[in-house]
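Fold and contact review
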Amino acid sequence: QVQLVESGGGLVQAGGSLRLSCAASGSIFSISAMGWYRQGPGKQRELVASITNGGLLNYVDSVKGRFTISRDNAKNTVYLQMNSLKPEDTAVYYCAGWGQRAYWGQGTQVTVSS
């Protein structure tokens, strides 16, 4: 079993920055890729960013140039650095891992005020 725990969410003003962390434990070597989803109020869930075990990166167009996904293998942790935040970035952000099945964190709230 894999457990994912997110942290780092909060309330910031537009233009500010946050760094989300996702700590993985358990059978983590079964995971081939990790990423971040988000879901805002009344909106559909979308994949924000992902990183494969081979280092391939993907971002949704709306965050390109502002968000960066990275990993620290020694700490079994994936990060999402979010800069130049906009009110439309407000959402619950979920860490996800993919392998033999999908794994999900509990989510962390990000709120960006105008």
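Residues numbered from 1 in each chain as written. Predicted model: local features only at pLDDT ≥ 70, side-chain atom pairs only at ≥ 80, totals over all residues. Heavy atoms only, no water.

Section: the overall build of the chain
We count it as follows: Here a helix means four or more residues in a row that DSSP labels H or I, a strand means two or more in a row labelled E, and each is numbered from the N terminus. Note on method: radius of gyration uses C-alpha positions; expected globular size equals 2.2 Å times residues raised to 0.38. Exposure classes here rest on a 1.4 Å probe applied to the protein chains alone. A residue is buried below 20% of its type maximum, exposed above 50%, and partly exposed in between. Note that accessible areas follow from Shrake-Rupley with a 1.4 Å probe, and for residues the cover is restricted to the protein chains shown. Positive charges come from Lys and Arg, negative ones from Asp and Glu, while His and the chain ends are left out of the count. The location of each charge is read from NZ of Lys, CZ of Arg, CG of Asp or CD of Glu.
For the chain, the count of helices and strands is zero helices and eleven strands. The order of α-helices and β-strands along the chain, N terminus first, is β-β-β-β-β-β-β-β-β-β-β. By the compact-globule yardstick of 13 Å for 114 residues, the chain fits well, its C-alpha radius of gyration being 13 Å. Reported as C-alpha extents along the three principal axes, the dimensions of the chain are approximately 40 × 25 × 25 Å. Counting the 114 residues in the chain, one finds 39% classified as buried. Roughly 6100 Å² of accessible area belongs to the chain as shown, and the carbon and sulfur atoms make up 48% of that amount. A gap of 3 Å separates the mean positions of the 10 positive and 6 negative side-chain charges of the chain.

What about the side chain of Ser50?
Heads up, the condition is: Residue contacts are defined here by distance: any two heavy atoms, one from each residue, within 4.5 Å place the two residues in contact.
In this structure, Ser50 sits in strand 5 (residues 46-52). You can call Ser50 buried: its relative accessible area is 12%. In this structure Ser50 touches Met34, Gly35, Leu56, Leu57, Asn58, Ile69 and Trp98, once residues within four positions along its chain are discounted.

Let's talk about the layout of surface pockets
Cut-off, in case you're wondering: Every definition here rests on a 1 Å grid over the protein atoms only: cavities are sets of points where a 1.4 Å probe fits but cannot get out, pockets are open sets enclosed by protein on both sides within 12 Å along at least five of seven lines, and lining residues have some atom within 4 Å of a point. Grid points are joined across faces, edges and corners, and a volume is the space filled by probe spheres set on the points. Three residue categories are used. Nonpolar comprises Ala, Val, Leu, Ile, Met, Phe, Trp, Tyr, Cys and Pro, charged comprises Asp, Glu, Lys and Arg, and polar comprises the others, including Gly.
Volume-wise, the largest pocket comes out at about 310 Å³. Contributing to the lining of the largest pocket are 15 residues, with Ile28, Ile31, Met34, Asn53 and Asn73 lying nearest its centre. Secondary structure elements with two or more residues in the lining of the largest pocket: strand 4 (33-39), strand 5, strand 7 (67-72) and strand 8 (77-82). Here the residues of the lining of the largest pocket sort into eight nonpolar, five polar and two charged.

Brief notes about the state of the cysteines
Here is the rule: In this description, the term disulfide denotes a pair of cysteine sulfurs within 2.5 Å.
Going through the model one piece at a time under the given rule, you end up with one disulfide. Across a sulfur-sulfur distance of 2.0 Å, Cys22 and Cys95 are joined as a disulfide pair. Between Cys22 and Cys95, the S-S dihedral sits near -80°, and the bridge is therefore left-handed. Of this pair, Cys22 sits in strand 3 (residues 18-26) while Cys95 sits in strand 9 (residues 91-98), and the two are 73 residues apart along the sequence. The burial state of Cys22 is the same as that of Cys95; both residues are buried.

Points about the sheet that holds strand 8
Short version of the rule: The rule for pairing is simple: two strands pair if DSSP sees at least two bridges between them. Structural elements are reduced to axes, namely lines fitted to C-alpha atoms, with helices fitted over the stretch in contact, and the angle between N-to-C directions of any two is expressed from 0 to 180 degrees.
Pairing in this open sheet of four strands is antiparallel, and the strands run 1-3-8-7 from one edge to the other. Pairing within the sheet leaves two strands with one partner each, and these edge strands are strand 1 (2-7) and strand 7. The average undirected angle you get between the axes of adjacent strands in this sheet is 15°.

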